[in-house]
Amino acid sequence: MSLAPFEPTTSVDFIDEIPPDSAEGGRAIEGRSPLRLALARLRTDRVAWLAAGMILAMVLLALIAPVISAATGHSATNPDLVNGTNSFGQPYGPGQGGFLLGTDNLGRDVLVRVAYGARISLLVGVLATLLATVGGTILGLISGYFGGWIDALLARLMDAVLSFPYVLAAIVLAAVFGGSLGLTIAVIAFFSWAAIGRIVRGQTLSQKEKEYVEAARSIGAGPFRIMFVDILPNLVAPVLVLGTLLVPVAIVFEATLDYLGVGVGPPTPTWGNMLADDQGSAGFGAWWFWGFPAIALLITTLGFNLLGDSVRDALDPRTERIFATRRKASVLGPDTPVGGGGTQSGAEADTR
Amino acid sequence: MTRFIVRRVIQGIITLWVIVTLIFVLFFMTNPDPARLLAGKAATVTQVASIRAFLGLNKPLWQQYLGFLGRLIQGNLGESYKLHEPVTTLLGQWVQVDISLAVGAGIIWLVLGLSVGIIAARRPRTIWDRSATVFVLVGLSTPTFILGLLLLFIFFYILTTHGIDIFPSAGNYTPFFTNPAEWARDLLLPWLTLALITAATYARLSRSSLLEVLGEDYIRTARAKGLSERRVVYRHALRAAITPIVTQFGIDLATVLGGAIITETIFGLPGLGQNVVSAIGREDLPVIQGIVLVAAAFIVVANIIVDVLYAVIDPRVRLS
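Side note on the overall build of chain A
- In terms of regular secondary structure, chain A is built from 15 helices and zero strands.
- Relative to its full complement of 352 residues, chain A shows a buried share of 47%.
- Sequence separation of 24 or more characterises 73% of the internal contacts of chain A that already satisfy a separation of 6 or more.

Some thoughts on the domain arrangement of chain B
Residue and element names in this part refer to chain B.
- Each domain of chain B was delimited in the assignment, giving domain 1 (2-73) and domain 2 (87-313).
- Once you take the C-alpha centre of each, domain 1 and domain 2 turn out to be 34 Å apart.
- Among the secondary structure elements, those contributing two or more residues to the side of domain 1 that touches domain 2 are α1 (2-30) and α2 (34-39).
- Looking at the side of domain 1 that touches domain 2 element by element, the count peaks at twelve residues for α1.
- Here the side of domain 1 that touches domain 2 is built from residues that sort into ten nonpolar, four polar and one charged.

Things to note about the packing of helix α8 (residues 180-214) of chain B against helix α11 (residues 243-257) of chain B
Residues and elements named next belong to chain B.
- It is at 10 Å that the axes of α8 and α11 come closest, and there the two elements cross at 165 degrees. It follows from the interaxial angle that α8 and α11 lie roughly antiparallel. Taken as a pair, α8 and α11 cross one another with a handedness that is right-handed. Together, Leu-194, Thr-198, Thr-201, Tyr-202, Leu-205, Ser-206 and Ser-209 of α8 and Pro-244, Ile-245, Gln-248, Asp-252 and Val-256 of α11 make up the contact between the two elements.

What to know about the nonpolar core
- Ranked by internal contacts, the top residues of the largest apolar core, which has 171 residues, are A:Ala170 and A:Ile171.
- Among the elements that take part in this core, α8(B) stands out by supplying 17 residues, more than any other.
- Look past the residues within four positions of A:Ile171 in its chain and what remains in contact with it is A:Leu260, A:Val262, B:Val277 and B:Ile280.

Description of the confidence of the model for chain A
Residues and elements named next belong to chain A.
- In this model, chain A carries a mean pLDDT of 75, and residues with pLDDT of at least 70 account for 76%.
- The model gives residues 6-18 a pLDDT under 50, and that stretch makes one contact with residues more than four places away or in other chains.
- Per-residue pLDDT stays below 50 along residues 319-352; that stretch engages in 118 contacts with residues further than four places along the chain or on separate chains.

The rules we used
- Residues numbered from 1 in each chain as written.
- Chains lettered and ligands numbered in written order.
- Predicted model: local features only at pLDDT ≥ 70, side-chain atom pairs only at ≥ 80, totals over all residues.
- Helix = DSSP H or I, 4+ residues; strand = E, 2+ residues; numbered from the N terminus.
- Buried ≥ 20, exposed ≤ 12 C-beta atoms within 10 Å, placed from the backbone.
- Contact = placed C-beta atoms within 7 Å.
- Domains from an automatic or database assignment.
- Nonpolar A, V, L, I, M, F, W, Y, C, P; charged D, E, K, R; others polar.
- Axes fitted to C-alpha atoms, helices over the stretch in contact; angles between N-to-C directions.
- Parallel < 35°, antiparallel > 145°, perpendicular 65-115°, else oblique.
- Left-handed = near helix turned anticlockwise from the far one by under 90°.
- Core = buried A, V, L, I, M, F, W, Y, C linked by C-beta atoms within 7 Å.
- pLDDT = per-residue confidence, 0-100.

Dropping the structure here:
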């Protein structure tokens, strides 16, 4: 084997010299963006498909709620003690009296109510998360990029929000303004943005030291262009993952408020207030009152958590530790306690 | 070190002041005149006025606020509008429930979470690890009130209707010093509810923390020395992996000590959480303020303790 005479070539020429159909696979080598790589990984992830299926099933249930109501002729809100209870005035169990999932104490169809409850849960979960994610990302970017007194102010604000007893605040606010859908979404978004803001701030702090930011600045890019055009695309991965994982947190938050009677409130059916429904004379044995909304809630939260995990793995398999140490408490708390689980340990913020 | 602690204490006091002020402002937005509420429907105008004067509600709001802060510094939280007892006395009674709740649940979730995490980390990508992942995901996805209702349904309702009367219904609480056995029996289901859900976080945290440490050079050295795997994991690795868990434990314990609203509501436990909800219902400002203050104080103190502990356990951390 003799060596070919040395020919100066650029690296581009060199790549071009490889015939597209050579070596292995027979396909041209093609540059793939990280997003497409992630999507490819996600597509082969069976858990992600399962999670997507669970979420889609709930979305479908929410969409066809009026259809179910029309087809069965059962209202989600109007009591119907004539048709909805048996001859002893007791609610029907699942499968009895033509009610697939039974009826509640007021003779209302549990299936119809669960379906309408899905609308509230998904609406609140998605809208509150969207608001919190957009707000948290913008404020996190500003805080991390500008630094100085702006950062000091915003970082303190995030700490305050995270350590505020938010369930308590929600109860007090509901007492002031009366519980409503809008207030519920606002409260959840307000107490959730800081979790995202803090991560974005930290990421921005490290990104802004990189050369590409320097380069952008040297060609005269302004701070907002650098923040939103240059830095933001590099933060898509953590924001996407945190956002997905925030949806179930928001849904549980909403259900918790409704369970405590300070959320959307009756007669609108929500999974939270169905779980808290008075079981009356049927007693604790009327498990279908709370069993079905509980199952629906679990499917939804599990679906989003599984999806969030899969998205995280697909975007960057190494990020696990970051999110594993993410305090669930910072948004929800182990038990949504008075003290607001939302505490920063300080160990992370100050001493590390 | 001392400077660090002093700075953190000052920060903590500021946080507490902000929270108390916010609650004060929020409350007077709701109800500008608690005296009318207290006097009841049949009260005459003079009666309402005398109550107002007695509580100092006839003064301008800022004077009431300053007076409140002044009394607070002396450790006086005022008297409940409705229960007619000093708030400090009431808090003293209620917090015992939360101490009981936190101690029992804390032990269970720490043991359970650490065990699951260690098992998973020692056998990554096996069926054990996968089961642990399922445990974590279900734990993170389950709302407290669902688990609480489920446990009550299974262990109280089904067992009791089948003649097995082991677990009490909701609404039972026996103080520890009255009857320790009864105390544990009444609290077992609340403990499990809190612990199972919280343990998921610990399992996840200890698994990832331990996995990372097990990949470090000194672990390879320890193995190369011929130490048993048990000794490597429990003596060498766990010691380094435990720091984030200590942090989390401090905060979680403080959070439960400040009242577990949902658990207390489901199981009818007369702790800070249930009482703050009912205090909001009856617009009992001194009680609301007292409970919020205590809850926030627990967290502030826990944060400081955890930060100091962190530096003690992990010599790489320097306090500044």
